[in-house]
Amino acid sequence: MRYVFIIIGISLVLVIGASVWIYETQFHDHQEIYGGEVHEKDDVIIDGYKSFTRPGREKVICYRESHRNFYIFTFELAMAIVAITIIAIVNSARLNNKLSKQNQEIEKQKEVLHEQHDNIMAGIRYAKRVQNRYLNSELALQRIYPRLLLLFEPKDIVSGDFYAAFNYKGAKWFVVGDCSGHGVQGAFLSNFTMSEIRSVMEKKMPENPSDLLNLINKSFCENFGGIIEENFSTELGVIAWKPGENSFQYSTTKIDLMLVQPGKEKQWLKGSRISIGYEPELEYMTYEVNIEPGSQVFFTTDGLTDQFGHLDDKKWGKKNVAKLFEETALLPFESKKDYMTAALNNWKGSVENTDDIALLYLAFGSKV
């Protein structure tokens, strides 16, 4: 900006200088023509104006006093322009100095924020390693039960949703959970819940799915002071099935289970609507369901139904998810996961995950 003011000031001085030089040339030319004749002072302004505007020579009379006054006016104008230019340059320099200091301060703040961000992300990545001690891979789960598929998509690096599979007392136990929140908040609660599940299972305490829910509920309420808050709770679903039997047991708190059996209508299996962490003395119920050979169970958190789509600003919804499960049930086992993943990605498009997603698919009886 200062260079702009300097260029403007120099340009004005040059223009004024050129005007003075032209006027000086006119004055000497007129002196030669009129012999330097000088009139009264009263006529100076009028005739000086005529001289400066360069009328025809036969009408011009130049006066030395007019010439002197013009020089004074030009000098004062030039000095004013120079003064204005200097003031502008000084102010511009001050402003640039102030902006430079502000930019330096902004850069320092950016460096601090960047360092803080790196530290936070490093902590979250480490927390992910801790959480992975509880969240086994799909391959590890299939070593417990081969006819299992896993669809797991955390919203952030760490997840409030979790899952597990156990060989326990001659049965296959499957667990899906959804702790309130996601990211770090949800991960803290999910790690605690998974740790408690492992603890009570190792002590051989649960006899059926509802026993596990009741034990986790008491532990959750005791450790967190019985906090009764909508945003500080856990949803949990448990299935227990003994290979070869034509029924399984389940107990759930708001975790969706859809059963698809050959030749029958799909069925949403319902449980308690009260999440873990609300009432320490609450007793959850165990339900038993008869199944046909080739029965399939979709065991999922609400991350699927709550996912927003890129075409419509609305949730996928239970109706659409149920249709997806019906279509998936007709496919070969090897194609099911890819089909569900593609359908989910097609629905959400460029939209980020609304919530964590955890789904276990289970096929019972003959190969599906």
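Before going into details, it helps to say that this report is about the structure given with it. (Residues numbered from 1 in each chain as written. Predicted model: local features only at pLDDT ≥ 70, side-chain atom pairs only at ≥ 80, totals over all residues. Heavy atoms only, no water.)

### Some thoughts on the pairing of strand 5 (residues 247-252)
Stage number 1. By the criterion of burial, strand 5 is predominantly enclosed, with 5 of the 6 residues buried.
Stage number 2. Of the pairings in the sheet, the one linking strand 4 (residues 234-241) to strand 5 comprises 4 bridges and is antiparallel in character. Within strand 5, the position partnered with Gly237 by the bridge is Thr252.
Stage number 3. Between strand 4 and strand 5, which follow one another and run antiparallel, lie 5 residues, and Gly244 among them has a positive phi close to 95°. (Buried < 20%, exposed > 50% of the residue type's maximum accessible area, 1.4 Å probe, protein only. Helix = DSSP H or I, 4+ residues; strand = E, 2+ residues; numbered from the N terminus. Pairing = 2+ DSSP bridges.)

### Digging into helix 7 (residues 317-329)
Given 3.6 residues per helical turn, the α-helix brings residues three or four places apart onto the same face.
Stage number 1. For helix 7, with 13 residues, the first-to-last C-alpha span of 19 Å sits near the 18 Å given by 1.5 Å per residue.
Stage number 2. Turning to helix 7, its buried residues number three or more, namely Val321, Ala322, Leu324, Phe325, Thr328 and Ala329. Projected onto a plane normal to the axis of helix 7, the buried residues spread over an arc of 155° and lie on a single side.
Stage number 3. In this structure, the buried side of helix 7 is in contact with strand 6 (256-260), strand 7 (267-269), strand 9 (296-300), helix 8 (333-348) and strand 10 (357-363). (Expected span 1.5 Å × (residues − 1). Arc of directions from axis to C-beta. Contact = heavy atoms within 4.5 Å.)

### Considerations on the sheet that holds strand 7
Stage number 1. Ordered in space as 1-10-9-6-7, the 5 strands form an open sheet in which the pairing is antiparallel. Only two strands of the sheet have a single partner each, and these edge strands are strand 1 (148-153) and strand 7. Strand after strand, the sheet turns through a mean of 20° between neighbouring axes, direction not considered.
Stage number 2. In this sheet, strand 10 lies alongside strand 1 in antiparallel orientation, the contact comprising 6 bridges. (Axes fitted to C-alpha atoms, helices over the stretch in contact; angles between N-to-C directions.)

### Observations concerning the packing of helix 7 against helix 8
In helix packing, the relevant descriptors are the interaxial angle and the interaxial distance, both defined with respect to the helix axes.
Stage number 1. Packing of helix 7 against helix 8 brings their axes to within 9 Å, and their N-to-C directions diverge by 150°. By the angle between their directions, the pair helix 7 and helix 8 is classed as roughly antiparallel. Every pair of crossing elements has a handedness; the one defined by helix 7 and helix 8 is right-handed. Here Leu324, Phe325, Glu327, Thr328 and Ala329 of helix 7 lie close against helix 8, whose contacting residues are Lys336, Tyr339, Met340 and Ala343.
Stage number 2. The residue inventory of the contact of helix 7 with helix 8, partitioned by class, reads 6 nonpolar, 1 polar and 2 charged. (Parallel < 35°, antiparallel > 145°, perpendicular 65-115°, else oblique. Left-handed = near helix turned anticlockwise from the far one by under 90°. Nonpolar A, V, L, I, M, F, W, Y, C, P; charged D, E, K, R; others polar.)

### Description of the pattern of salt bridges
Stage number 1. With the rule as written, the count across this model stands at 9 salt bridges.
Stage number 2. A salt bridge links Lys110 to Glu107; its shortest N-O distance comes to 4.0 Å. With Lys110 and Glu107 both in helix 3 (residues 64-131) and 3 residues apart, this pair spans about one turn of that helix.
Stage number 3. A salt bridge links Lys264 to Glu292, with the nearest nitrogen and oxygen atoms 3.6 Å apart. With Lys264 in the loop between strand 6 and strand 7 and Glu292 in the loop between strand 8 (287-290) and strand 9, the pair connects residues that are 28 residues apart, well separated along the chain. (Salt bridge = Lys/Arg side-chain N within 4 Å of Asp/Glu carboxyl O.)

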